[in-house]
Each structure stands twice: as structure tokens, then as C-alpha cells.
Amino acid sequence: MKSLVPGGFYWARSNKYAAGRATIVQVSTIFGESPDFWTLAVPGSDQHHMIGDFEIIAPVEPLEVYPHRQAAE
């Protein structure tokens, strides 16, 4: 995954963090707008990590992609 988007959410995995389990991260520009300063933030925490610390698996799909169905359908 070479084309990360600032503010975008991604599924990622790291052996250093989250015990190797897949987790959601957000591309953060808190340290600067240039891609050289981007980090990955773990939502719900104040943790920022280097992009190279994670293997990006896939972008998180917005819920609007999936149609909402009632249980009776």
C-alpha cells in the first residue's frame, strides 16, 4: 500500500504493537503535512507510530458502502 491518504483509516498489523493482531490506524499529519512527517495514530489513544512499524493491509471501507437492511427482510 504505497498511496496513503492523510486522515485515512487503514487496517494494519505490527509485530511490535497490538501483539501482531490487525488493528485500525489513521494517517496523522500532526507532526507536519509532508509525507516525510506522517505517522500512524491508533484511534482512541494518543499513540503515534512510524509508518514503517506497521504492515498496511487495506483501507477501512466506509459503512455507506454496505446497504442497511432490516432484520425482517
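Below: a short report on this structure. (Residues numbered from 1 in each chain as written. Predicted model: local features only at pLDDT ≥ 70, side-chain atom pairs only at ≥ 80, totals over all residues. Heavy atoms only, no water.)

**Regarding the sheet that holds strand β1 (residues 9-13)**
So, point 1. Across the sheet, five strands lie side by side as β4-β3-β2-β1-β5; this open sheet has antiparallel pairing. This sheet does not close on itself; its edge strands, each paired only once, are β4 (48-49) and β5 (55-59).
So, point 2. One ladder, built from four bridges, connects β1 with strand β2 (residues 23-28); its direction is antiparallel. When the bridges of β2 are listed, Trp11 appears paired with Ile24. (Pairing = 2+ DSSP bridges. Helix = DSSP H or I, 4+ residues; strand = E, 2+ residues; numbered from the N terminus.)

**A word on the environment of Phe9**
So, point 1. The topology assignment puts Phe9 in strand β1.
So, point 2. When near neighbours in sequence (up to four residues on either side) are disregarded, Phe9 contacts Ile24, Val25, Gln26, Pro43, Pro59 and Val60. (Contact = heavy atoms within 4.5 Å.)

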